[in-house]
Amino acid sequence: MKDRKTLEVKLYVGNMSYDTTDEQLRTMFTEAGQVVSVDVIKDRDTGTPKGFAFITMGSQDDATKAITMFNSKEVGGRPLTVNTAKPREDRGGSRSNNGPSHGNRRY
């Protein structure tokens, strides 16, 4: 039997109204199946929503149903974009990967 985590599917929800809350998304996506978590992404400095969220659904079937039900659905005057979330790209934590190092530069 597979671990429960491997059954869960994370969805990206974009083009949201900035007024959309975690609870609104949870209520809406529960219509498609089990919602494990809802994370509305907010600006780290201001705390204001950025217009997108990640929702973890309990299974692939629930995720597929949610995509079918809510992709392009108008919520808060905006058509949502709902699809399977892509893995986060490595931003390269080392400065040496981001171009020439200027640590030894003399002025």
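Please read these numbers as outputs of a predicted model, since none were measured by experiment.

Caption draft 1: Spatial organisation of the side chain of T56. On the secondary structure map, T56 appears in strand β3 (residues 49-57). Discounting residues that sit within four places of it in the chain, T56 has contacts with E8, V9, K10, Q34, V35, V36 and S37.

Caption draft 2: Up close: the nonpolar core. Counting 20 residues, the largest nonpolar core has L11, L25, F29, I55 and M57 as the members making the most contacts within it. Among the secondary structure elements, those contributing two or more residues to this core are β1 (9-14), α2 (22-30), β2 (35-42), β3 and α3 (60-70). Apart from residues no more than four positions distant in its own chain, M57 is found in contact with E8, V9, L11, F29, A32, G33, Q34, V35, V36, D62, A63 and A66.

Caption draft 3: Inspection of the sheet that holds β1 at higher detail. Pairing within the open sheet is antiparallel, and its four strands lie in the order β2-β3-β1-β6. Of all the strands in the sheet, the pair left with one neighbour each is β2 and β6 (81-84). Neighbour to neighbour, the strand axes of the sheet diverge by 20° on average, direction disregarded. Relative to β6, β1 runs antiparallel, the two being bridged by four bridges. The partner of V13 across the bridge, within β6, is V82.

The rules behind each value
- Residues numbered from 1 in each chain as written.
- Predicted model: local features only at pLDDT ≥ 70, side-chain atom pairs only at ≥ 80, totals over all residues.
- Heavy atoms only, no water.
- Helix = DSSP H or I, 4+ residues; strand = E, 2+ residues; numbered from the N terminus.
- Contact = heavy atoms within 4.5 Å.
- Core = buried A, V, L, I, M, F, W, Y, C linked by side-chain atoms within 4.5 Å.
- Buried < 20%, exposed > 50% of the residue type's maximum accessible area, 1.4 Å probe, protein only.
- Pairing = 2+ DSSP bridges.
- Axes fitted to C-alpha atoms, helices over the stretch in contact; angles between N-to-C directions.

Purely geometric numbers; function is a separate question.
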